[in-house]
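# Inside the fold
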Amino acid sequence: VLSAVCGATGPVGRFTNADSKIYGAELEGVFRPVAGLRISQTASYKKGEYTDFIDLDIGKCPGETAYIDKSGDDIPFPAISYSGSISYDWTVSGFAVSAEANYSYRDEYPSWLGAKYDVPDYWLTNASVTVGPENANWSVTFWARNLFDQEYDLTRNFFMPSASIAQPGRPRTIGARLTLRY
């Protein structure tokens with residue numbers, strides 16, 4: 001887990017080991033209501049707590065190196081995630097066509113550093129259309145990731161006393177892919 005050491009000017013991030021207990025549940029369903037249509041849904045919930053973790057008390061650093069026993073505290077990670085996809089396959093004038101949209105949700109990612117570093121929940125949506133001659137060994141796919149250009153962070157942290165750092169998620173990207181099967 002991400003922790004810290006007390007540096008000369010304040011806490012400095014570092015990774016350390018912690019014992020923990022994590023449990024959860026996941027549900028997954030795939031539905032095919034009509035020929036060519038496929039709908040899948042996945043939902044999960046997880047919860048965890050530290051069973052043995054001694055952490056730096058960053059509030060007392062740099063003046064003093066003090067530690068906190070976080071055994072029994074919740075592990076900060078997103079509790080709920082949800083995803084799904086809808087795809088439809090059909091033929092048009094000798095061409096196989098497949099259209100798909102998929103989406104995912106990630107719950108808020110709480111930070112052990114406090115609310116300033118919590119990553120808010122977010123949704124992402126992707127889409128693609130694949131076209132190729134029936135029974136051929138090639139196809140072309142046109143795709144878009146993060147279709148609605150959602151701005152989101154994957155993590156927020158600090159690794160130096162004076163730097164607040166976020167790892168942003170990817171912006172909307174659009175592309176094409178040629179597939180050859182041999």
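Structure shown above.
Now for a look at the structure at hand. Values in this document were obtained by computation on a predicted structure and should not be read as measured data.

### A few points about the overall build of the chain
- Summing up its helical and strand segments, the chain has zero helices and 13 strands in all.
- Secondary structure of the chain in N-to-C order comes out as β-β-β-β-β-β-β-β-β-β-β-β-β.
- Taking 16 Å as the expected radius of gyration for a compact globule of 182 residues, we find that the chain reaches 23 Å, considerably beyond that expectation.
- In the chain, which comprises 182 residues, the share counted as buried stands at 28%.
- Counted over contacts in the chain with a minimum sequence separation of 6, partners at least 24 positions apart contribute 56%.
- Carbon and sulfur atoms make up 55% of the accessible area of the chain, which amounts to about 11600 Å² in all.
- Within the chain, one finds 16 positive and 21 negative side-chain charges whose respective centroids are separated by 6 Å.

### Describing a negative patch on the surface
- Taken together, the side chains of Asp19, Asp52, Asp69 and Asp73 present a region of like negative charge at the surface.
- Position of Asp69 among the secondary structure elements: in strand β6 (residues 67-69).

### Structural notes on the pattern of salt bridges
- Overall, the coordinates contain three salt bridges when judged by the stated rule.
- Where Asp55 meets Lys70, a salt bridge forms, and the shortest distance between an N and an O atom there is 3.0 Å. Of the two residues, Asp55 sits in strand β5 (residues 54-56) while Lys70 sits in the loop between β6 and β7 (80-92), which places them 15 residues apart along the sequence. Taken individually, Asp55 and Lys70 each receive the classification buried, so the pair is uniform in this respect.
- Residue Asp153 is joined to Arg156 by a salt bridge in which the shortest nitrogen-to-oxygen separation is 2.7 Å.
- Looking at Asp153, the relative accessible area reads 16%, which means it is buried.

### Observations regarding unusual backbone geometry
- The phi torsion at Ser93 lies on the positive side, around 50 degrees, for a residue other than glycine.
- By the element assignment, Ser93 lies in the loop between β7 and β8 (95-106).
- The backbone phi angle of Asn146 is positive, close to 50 degrees, even though this residue is not glycine.
- Inspection of the secondary structure puts Asn146 in the loop between β10 (138-145) and β11 (153-160).
- Of the residues examined, Asn146 reaches a relative accessible area of 6% and is grouped as buried.

### Here we look at the sheet that holds β10
- If you trace the seven strands from one edge of the open sheet to the other, you get β3-β4-β7-β8-β9-β10-β13, paired in antiparallel fashion. Each of the sheet's edge strands pairs with one partner strand only, and the pair in question is β3 (19-31) and β13 (173-180). The mean inter-strand angle of the sheet, taken between neighbouring strand axes irrespective of direction, is 15 degrees.
- Bridging between β7 and β8 involves twelve bridges; their strand directions are antiparallel. Residue pairing for β8: Ser81 is matched across the bridge by Arg106.

Reading guide: rules and limits
Residues numbered from 1 in each chain as written. Predicted model: local features only at pLDDT ≥ 70, side-chain atom pairs only at ≥ 80, totals over all residues. Heavy atoms only, no water. Helix = DSSP H or I, 4+ residues; strand = E, 2+ residues; numbered from the N terminus. Rg over C-alpha atoms; globule rule 2.2 N^0.38 Å. Buried < 20%, exposed > 50% of the residue type's maximum accessible area, 1.4 Å probe, protein only. Contact = heavy atoms within 4.5 Å. Areas by Shrake-Rupley, 256 points an atom, 1.4 Å probe, with all protein chains shown as cover. Lys, Arg positive; Asp, Glu negative; His and termini not counted. Charge placed at Lys NZ, Arg CZ, Asp CG, Glu CD. Patch = residues over 30% accessible without salt bridge, like charges linked within 9 Å, V, L, I, M, F, W, Y side chains within 5 Å. Salt bridge = Lys/Arg side-chain N within 4 Å of Asp/Glu carboxyl O. Pairing = 2+ DSSP bridges. Axes fitted to C-alpha atoms, helices over the stretch in contact; angles between N-to-C directions.

Without other data, these values stay purely geometric and don't point to any function.
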